[in-house]
Amino acid sequence: FFFFFFCVAGSCCVMHHLFVLVHGLGGDGQGFAYMQEQMKLLFPSSALVLVSEANSHWGGTLKGIDRGGENLFLEVQNFLSEHPTVNEISFVGHSMGGLYARHCIGLLFQAGVFARVQPRAYVSLSTPHLGSTDWQAYMPGFSKLAALFAGRSGLHLTLSDTDTEQPLLAEMAREGGPFLAGLQAFRVRRAYGVIGDLKVGFPSATLRAQHPYTTHSPPPAPPDSRYPHVVAEETVTVDEPNLQLQPAILQSMLMALQRCGFERVDVQLPRLMAHEDVVVRRWWLNWRGKDVVAHLLDFLSQYVNPPTLLSTASTSSSASAGSTTSTTS
């Protein structure tokens, strides 16, 4: 149940930070059970957590990134109307959920929501910001295959959609447009990518023109023993134009997002389940990524008062099944 403290007779209401957790293609809110549990531990009274169910399971994620963003927008709007104590908002999106979140953010910006609710942090985990175009160089018919298995969402991810003047992901990265303006309104933007992720290309997830690590130039050793799978953190800078980026529109998308001002975090996890491990989708199977979740939440704790470090807090060893939409209050 919820505790509300309303302003009465000169006393001030207790305000809350809202975290919106957004899953990706084929997912549901249960994939955030572990992270939700850790947020309850870390922010017992200062934050609320909305685990999105607006686009659930496989069928609910095939209708396009725009439709998913619109559904998320309505879900967030309804939550805000039911929780008037929310005065700050942050988004955490996993995989395509990071694109749903970016589309939703553009709609919130257009609706004037950020005039009353401060946008604080946008965080993506293995999100294909530049789409999933890697295979098209080797498989010319890949976009048709993606559309067959992932519907309109597949067309959006391969930049093959023709509903509008330019692909949706290009419009979402257009400078001067509402989607990029909404993203820039956040105090901080951070992109996590997993080296060797078999589902989302590492450069696309970390806003790079090409993969920085090779056999001859391997990732560095983790700089902090508390996070053994986090190998590097840095501020994203604008790359020199890379003519090898295909299709050519990727160049303008990449540079616009880089100019938006991101931080990137490079993560190294075992390849087979890396895409799910980064969010600890199922504790019993994806527990290797728990230090990445701790790293993410320790970062977010800077934006919620009072700050507490999850890496030094006592944590539960397993995720409770729980409800997928809840508050920490």
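Residues numbered from 1 in each chain as written. Predicted model: local features only at pLDDT ≥ 70, side-chain atom pairs only at ≥ 80, totals over all residues. Heavy atoms only, no water.

### Looking at the pairing of strand 1 (residues 16–22)
- Burial within strand 1 is extensive, with seven of its seven residues counted as buried.
- Of the two faces of strand 1, both are covered, the one formed by His16, Leu18, Val20 and Val22 as well as the one formed by His17, Phe19 and Leu21.
- Pairing of strand 1 with strand 3 (residues 86–94) involves seven bridges; the strand directions are parallel. In the sheet register, histidine 17 faces strand 3, and the bridge partner there is glutamate 88.
- Between the parallel elements strand 1 and strand 2 (residues 47–51), the chain passes through helix 1 (residues 33–42) in a crossover that is right-handed. (Buried < 20%, exposed > 50% of the residue type's maximum accessible area, 1.4 Å probe, protein only. Helix = DSSP H or I, 4+ residues; strand = E, 2+ residues; numbered from the N terminus. Pairing = 2+ DSSP bridges. Right-handed = clockwise from strand over helix to strand, strands pointing away.)

### Some remarks on the side chain of histidine 23
- Its place among the elements puts histidine 23 in the loop between strand 1 and helix 1.
- Residue histidine 23 is classed as buried on the basis of its relative accessible area, which comes to 6%.
- Looking at histidine 23, its side chain comes within polar contact range of the main-chain oxygen of asparagine 55, at 2.8 Å.
- Excluding anything up to four places from it in sequence, histidine 23 contacts Asp28, Gly29, Phe32, Ser52, Asn55, Ser56, Thr61, His94, Met96, Gly97 and Tyr100. (Polar contact = N/O pair within 3.5 Å; in protein donor to acceptor, adjacent residues only side chain to side chain. Contact = heavy atoms within 4.5 Å.)

By themselves, these figures tell us nothing about what the structure is for.
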